[in-house]
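The lines below spell out each chain.
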Amino acid sequence: MIRAFERLTRQGWLRLDRGLDRLFTEPYNPLYQLGALSFLYFWIVAVSGVYLFVFFDTSVTKAYVSVEYLTREQWYAGGVMRSLHRYASAAMGVTVTLHLLREFSMGRFRGARAFSWISGVPLLWLLFASAIGGYILVWDQLAQYLATATAEWLDWLPVFGEPIARAFVSDATMSDRLFSLLVFLHIAIPLFLLVGMFIHIKRLKLPRTSAGRVVSAATCAAITLVALVHPATSMAPADLQTVPALVQFDWVYLNQYPLLDRYGPGTLWSIVGAVTLLLIVLPRLSPARSEQFAPAVVDPDNCNGCTWCFQDCPFEAIVMVPHDYKKGMRQAQVNGDLCTGCGICAGACPSATPFRHVDELVSGIEIPDYPLQRLRDEASQALSRLDGGEGIMVFGCDHGADVTRLADGQVATLRLPCTAILPPSFVDYVARQPQVAGILVTGCHPEACYYRLGSEWVSQRLAAERSPHLRTSDGRSKVEQVWAGPLEGQKLEDALAALSIRSHDIRPDGEGGHNASEIASARSGEVS
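The next thing to look at is the packing of aromatic side chains. Enumeration according to the criterion identifies 18 aromatic pairs in this entry. Between the aromatic rings of Tyr450 and Tyr451, the centroid separation amounts to 4.9 Å while the plane-to-plane angle is 85°, which identifies the pairing as edge-to-face. By way of ring pairs, the aromatic residues Phe5, Phe104, Phe109 and Trp117 are connected into one cluster. One residue, Arg113, lies across the ring of Tyr450, its end atom 4.9 Å from the ring centre. If you follow Arg466 out to its NZ or CZ, it ends over the ring of Trp457, 3.5 Å from the centre.

Our focus in this paragraph is the side chain of Arg452. Structurally, Arg452 is set in the loop between strand 7 (436–443) and helix 15 (454–462). Buried Arg452, no salt bridge; nearest opposite-charge side chain is Glu316, N-O distance 7.9 Å. Here Lys205 takes part through its backbone oxygen, which lies 2.8 Å from a polar atom of the side chain of Arg452. Within the structure, the side chain of Arg452 is placed 2.6 Å from the backbone oxygen of Pro314, a separation counted as a polar contact.

In this section: the packing of helix 4 (residues 75–105) against helix 8 (residues 213–229). Interhelical geometry of helix 4 versus helix 8 gives an angle of 120° and a closest axis separation of 9 Å. One way to sum up the angle between helix 4 and helix 8 is to call them oblique. Handedness of the crossing formed by helix 4 with helix 8: right-handed. The residues of helix 8 that touch helix 4, namely those facing Val80, Ser83, Leu84, Tyr87 and Ala88, are Ile223, Thr224, Val226, Ala227 and Leu228.

Moving on, we get to the nonpolar core. In summary, soluble globular proteins display a tendency toward joint burial of nonpolar side chains. In this structure, Met92, Trp139, Met393 and Ile439 are the most contacted members of the largest nonpolar core, which totals 123 residues. Examining the composition of this core, we find that 10 residues originate from one element, helix 5 (residues 114–137), more than from any other. Contacts of Met92, omitting those with residues within four sequence positions, involve Ser38, Tyr41, Phe42, Leu127, Leu193, Met197 and Tyr253. If you look at the next biggest cluster of nonpolar residues, it comprises 13 residues, including Val394, Val403, Leu440 and Leu492.

Once that is clear, we can look at helix 14 (residues 424–431). An α-helical segment advances 3.6 residues per turn. Residues three or four places apart therefore align on the same side. Counted residue by residue, helix 14 has eight buried out of eight residues, so it is predominantly covered. Every buried residue belonging to helix 14 is among Pro424, Ser425, Phe426, Val427, Asp428, Tyr429, Val430 and Ala431, and all of these are buried.

Right, let's get into the side chain of Asp140. Mapped onto the elements of the fold, Asp140 is located in the loop between helix 5 and helix 6 (141–155). Arg82 is the oppositely charged side chain nearest to the buried, salt-bridge-free Asp140, at an N-O distance of 5.3 Å. A distance of 3.3 Å separates a polar atom in the side chain of Asp140 from the backbone nitrogen of Leu142. Within the structure, Asp140 has its side chain in polar contact with the backbone nitrogen of Met235 (distance 3.0 Å).

Helices that pack against each other are described as a pair by the angle of their axes relative to one another and the distance between those axes. Following both chains from N to C, one finds helix 2 (residues 34–55) and helix 3 (residues 63–73) inclined at 120°, their axes separated by 9 Å at the closest point. When the interaxial angle is binned, helix 2 and helix 3 end up oblique. When the axes of helix 2 and helix 3 are compared, the crossing they make is right-handed. Residue-level contacts link Tyr51, Leu52 and Phe55 of helix 2 to Ser66, Tyr69 and Leu70 of helix 3. Here the contact of helix 2 with helix 3 is composed, by residue class, of five nonpolar, one polar and no charged.

All right, on to the pattern of salt bridges then. Within this structure, the stated rule accounts for 14 salt bridges. Glu6 is paired through a salt bridge with Arg110; the nearest N and O atoms lie 2.0 Å apart. Taken together, the residues span a long stretch of sequence, with Glu6 in helix 1 (residues 2–24) and Arg110 in the loop between helix 4 and helix 5 at a distance of 104 residues. Note on Glu6: relative accessible area 3%, which makes it buried. Judged by its relative accessible area of 10%, Arg110 falls in the buried class. A salt bridge links Glu316 to Lys205, with the nearest nitrogen and oxygen atoms 3.9 Å apart. Here Glu316, found in the loop between helix 11 (308–312) and strand 2 (318–322), pairs with Lys205, found in the loop between helix 7 (176–200) and helix 8; they are 111 residues apart in sequence, far enough to count as distant.

Geometrically, the link from Ser467 to Pro468 is a cis peptide bond, its omega value of -5° lying close to zero. Relative to the helices and strands, Pro468 is located in the loop between helix 15 and helix 16 (473–478). Despite not being glycine, Trp139 has its phi angle at roughly 55°, a positive value. Looking at where Trp139 falls in the secondary structure, it is placed in the loop between helix 5 and helix 6. Given a relative accessible area of 6%, Trp139 falls into the buried group. Of note in this structure, Ala464 is not a glycine but carries a positive phi near 60°.

Scoring rules and cut-offs
- Residues numbered from 1 in each chain as written.
- Predicted model: local features only at pLDDT ≥ 70, side-chain atom pairs only at ≥ 80, totals over all residues.
- Heavy atoms only, no water.
- Phe/Tyr/Trp six-rings, centres within 6.5 Å; stacked < 30°, edge-to-face > 60°.
- Lys NZ or Arg CZ within 6 Å of the ring centre and 35° of its normal.
- Helix = DSSP H or I, 4+ residues; strand = E, 2+ residues; numbered from the N terminus.
- Buried < 20%, exposed > 50% of the residue type's maximum accessible area, 1.4 Å probe, protein only.
- Lys, Arg positive; Asp, Glu negative; His and termini not counted.
- Salt bridge = Lys/Arg side-chain N within 4 Å of Asp/Glu carboxyl O.
- Polar contact = N/O pair within 3.5 Å; in protein donor to acceptor, adjacent residues only side chain to side chain.
- Axes fitted to C-alpha atoms, helices over the stretch in contact; angles between N-to-C directions.
- Parallel < 35°, antiparallel > 145°, perpendicular 65-115°, else oblique.
- Left-handed = near helix turned anticlockwise from the far one by under 90°.
- Contact = heavy atoms within 4.5 Å.
- Core = buried A, V, L, I, M, F, W, Y, C linked by side-chain atoms within 4.5 Å.
- Nonpolar A, V, L, I, M, F, W, Y, C, P; charged D, E, K, R; others polar.

Here it is, written out as structure tokens:
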């Protein structure tokens, strides 16, 4: 049932991705950068919070006055900072929630990725606790409601000697010491949150914690504009002698309070506890399938200690250790608990070349279920089905547009677990076959690669910006690349048609030839 729900929600995300790709273009699609945007919003909250703290009076009688001074008298600076603090906090709540839902829908919470998933669960508690504490510090009518409701919620737990709610019975029971404690917690909790965020990404190579200059600048400009047009304001000051009849609600962080009012603290604790437990055990409830590729293995006989696999592994699953028997040399070592079986390391190995004259092709590091020999055999079988000497070879991945539907007498296809498992030497090898006129390499969008960095590394390898790279003139002249998601089959067909025109030297439309759209339309009819 979990996987069925995944598939259902994944289709929605993929369609939304396509729409925003058209609106923003792929490199600037915010859905591909939800984690990085969460970091950006955190820093906006932190910087604006430091400014607000300088002017904030931590006494219970002056807190509201100091916030009003920032909002009204110092609207040009303090008011803007308060609004940035408020809206960036809310935006972070939204991006974190979307990030969680997206990672679930894409299946990125199982196996080696379970650590990042589980370590993110406590961050939700810290984020909500910090936001709720910030609302209370304003000490207006909303803060009064939240303080009393939260105290009653916490008092339900049998861990406090004296009921916390007693502190909010009247103005006489409120003390500056209690308010100073709330200020301390509002500073300390975000610090723990920041530490937790870096633990959350600890096992990732080159984690994206920056959204890039363009997206960051556009985001900052947009949130600043909102802060200027619709500044954050307070309700009337808190008065413990009265009960607020109506409060201005924030549904991002305060969505649990209507449940508290309606069903009571016990039921709410049960709901929150059940959701938290479900998120923690979800990787166990829906483990990686048994047919998922096993972790990579190292063959010391063929490992020369080049470190290319170590540098390319997106999940920090590879370390370099002293060689088993070659003195003074190193070899790769794979941590099976961290390996996702993507094969990116296999594509990086310099010994992974089909030009070697050996009975059985073995590389320095391979995926046991998809070894180099299997790759060469399947590529040879695909090429053998081509008719004539002007065929196209298409390499794709399991998580991008389906390349198998393109196969016919003029197009050979090979679907890989990840395109990055394909060593550039294999592209050279295929390009030198007499029946191949062109090679098309495709896979996930680099911004949304299922294995994080696979498509990016392939693109850099084919452009000779990363080792290993293409070494033959045939490889460099015949290969093209296009990145297409699961719903972008037409984009893949258009790229194939364009490559066919270039490879076969078809003249443009109007000179007796056929244009790319005509070829794509014809091919669409063939494969449908």
